[in-house]
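The residues making up each chain are set out below.
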Amino acid sequence: SFVFNAETALGLPSTFGTSIYDSPEIDLKRTSIRKFEAIWDTGSFGTFYLGQGSMASDGIAEIDFSGAALASYSSVADIGGGNLFALSDGTLSTISVGSAYSNLDGARRGRLRYDTPKWGDFTLSLAAGREILAKGNDNDYYDAALRYSRTFGDNDFAAGIGYNSVRGDGARSHFTSGSFAIRNNPTGLNGSFAAGRKNTGESYWYLQGGIIRDWFSAGSTAISLDYYDGDNFVADGAASKTYALSAVQRIENANLELYITLRRYQYDQNSADFRDGDAGGFGFRASF
């Protein structure tokens, strides 16, 4: 099969990109484009992707069976990444939540990507690309990812690991990340783990546990508790910690999901003391 796929954001302001010093405004621009790609599924020879879209390792650190990923997952800075940490005396620093936490996941670029056919329970993906939407970035991006998924009796299991290499201006950097998740379908109990490390020293691990149950006739309820521990983001010796309690309620007849999440951020450096920060979010997602 041969298909064309296009996705775009609406240019609405987000908490990840807005700080107290910004005036939120609608700004639809080139970087709002998420995907603009041609996909050729050859069947027995695998699938090719050409254009703006997911690199091979996009989503490799975000494997999740919690049912609550709409509210919270390994990308822990999504809810309030634009906010600035306050120093111990109450003055705002220049360090944003988004810069202090990362799950080192793959990205979207203008790329050529190839996914192998499924070998048993495994799939291998390879990609090479460049940043074609934002100006001033002439780096070359290469990555590879290996994914595994299988059902063992009443348990669903999935795992993946990815490697990224970035080359530009005579320098090269690289990082590795991955995740796995498991869910017991009769009980709804689930858990996931993610971790990653860069060659420049930044690293993290993330742990999540939760339950999915049909407590209400409207649809399933997912509750999740997670914890993130990171090192050396923004500065050597820095410590980034955060934990959250989240819930998602499905309304099946309306194709609607209601979500709420509460998260605490804790960040420290050797040269400065920072206050803890709290973030909360609620909303809905409608599918049609």
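Heads up: these notes are all about the structure in this document. Everything quoted here is computed from the prediction, not taken from an experiment.

## A word on the nonpolar core
Grouped together as the largest cluster of nonpolar side chains are 21 residues, with contacts concentrated most on Phe85, Tyr101, Tyr204, Tyr228, Tyr265 and Tyr267. Other than its neighbours up to four places away in sequence, Tyr228 contacts Ser74, Val76, Tyr101, Ser102, Tyr204, Trp205, Tyr206, Phe233, Ser240, Lys241 and Thr242.

## Observations regarding unusual backbone geometry
At Asp169, a residue that is not glycine, the phi angle is positive and equals roughly 55 degrees. Of note, Asp169 is situated in the loop between strand 9 (155–168) and strand 10 (171–184). Residues other than glycine seldom take positive phi values, yet Val234 does so here, at roughly 75 degrees. The residue Val234 is located in the loop between strand 13 (219–231) and strand 14 (239–251) in this model.

## Considering the side chain of Gln249
Residue placement: Gln249 occurs in strand 14. The buried category is assigned to Gln249, whose relative accessible area is 16%. A distance of 3.0 Å separates a polar atom in the side chain of Gln249 from the backbone oxygen of Gly219. Setting aside its immediate chain neighbours within four residues, Gln249 contacts Phe216, Gly219, Ser220, Thr221, Leu256, Glu257 and Leu258.

## Points about the packing of aromatic side chains
Taken as a whole and judged by the stated rule, the model has 15 aromatic pairs. One aromatic cluster in this structure is built from Phe85, Tyr101, Tyr204, Tyr228, Tyr265, Tyr267 and Phe274. Geometry around Tyr141 places Arg109 over its ring, the cationic atom sitting 3.8 Å from the centre.

## A word on the pairing of strand 14
Every regular strand shows the same layout, with side chains that alternate between the two sheet faces. With 11 bridges connecting them, strand 13 and strand 14 associate as antiparallel partners. Looking across to strand 14, one finds that Asp231 is bridged to Ala239. Joining the antiparallel neighbours strand 14 and strand 15 (residues 256–268) is a turn of four residues, in which Asn255 adopts a positive phi near 50 degrees.

## Some thoughts on the side chain of Asn164
Mapped onto the elements, Asn164 comes out in strand 9. Engagement of the side chain of Asn164 in a polar contact is seen with the side chain of Ser57, the distance being 2.9 Å.

## A look at the pattern of salt bridges
One pass over the full model with this rule turns up 14 salt bridges. Across the salt bridge formed by Arg109 and Glu131, the nearest N and O atoms sit 2.8 Å from each other. Of this pair, Arg109 sits in strand 6 (residues 108–115) while Glu131 sits in the loop between strand 7 (122–130) and strand 8 (140–152), and the two are 22 residues apart along the sequence. Judged on exposure class, the residue Arg109 and its partner Glu131 are both buried. For the salt bridge of Asp140 with Arg130, the shortest nitrogen-to-oxygen distance reads 3.2 Å. Highlighted residues: Asp140 in strand 8 and Arg130 in strand 7, separated in sequence by 10 residues.

## Considering the environment of Leu262
By secondary structure assignment, the location of Leu262 is in strand 15. Leu262 sits in the exposed class, given a relative accessible area of 55%. Each C-alpha atom of the pair Leu262 and Ala279 lies 6.0 Å from the other, and the pair is 17 residues apart in sequence. Ignoring sequence-local partners within four residues, the contact set of Leu262 consists of Tyr243, Ala244, Leu245, Ala279 and Gly280.

## Quick look at a nonpolar patch on the surface
Together, Phe2, Trp40, Phe48, Leu50 and Leu112 give the surface a local cluster of nonpolar side chains, amounting to about 560 Å² of exposed area. Tracing the chain through its elements places Leu112 in strand 6.

## Brief notes about the environment of Glu131
Given the relative accessible area of 16%, Glu131 is considered buried. For the pair formed by Glu131 and Arg111, sequence separation is 20 residues and the distance between their alpha carbons is 8.6 Å. In this structure Glu131 touches Arg108, Arg109, Asn137 and Tyr141, once residues within four positions along its chain are discounted. For Glu131, the side chain forms a polar contact with the side chain of Arg109, separated by 2.8 Å. Within polar-contact distance, the side chain of Glu131 engages the backbone nitrogen of Ala134 at 3.1 Å.

Criteria and thresholds
- Residues numbered from 1 in each chain as written.
- Predicted model: local features only at pLDDT ≥ 70, side-chain atom pairs only at ≥ 80, totals over all residues.
- Heavy atoms only, no water.
- Core = buried A, V, L, I, M, F, W, Y, C linked by side-chain atoms within 4.5 Å.
- Buried < 20%, exposed > 50% of the residue type's maximum accessible area, 1.4 Å probe, protein only.
- Contact = heavy atoms within 4.5 Å.
- Helix = DSSP H or I, 4+ residues; strand = E, 2+ residues; numbered from the N terminus.
- Polar contact = N/O pair within 3.5 Å; in protein donor to acceptor, adjacent residues only side chain to side chain.
- Phe/Tyr/Trp six-rings, centres within 6.5 Å; stacked < 30°, edge-to-face > 60°.
- Lys NZ or Arg CZ within 6 Å of the ring centre and 35° of its normal.
- Pairing = 2+ DSSP bridges.
- Salt bridge = Lys/Arg side-chain N within 4 Å of Asp/Glu carboxyl O.
- Patch = residues over 30% accessible without salt bridge, like charges linked within 9 Å, V, L, I, M, F, W, Y side chains within 5 Å.
- Areas by Shrake-Rupley, 256 points an atom, 1.4 Å probe, with all protein chains shown as cover.

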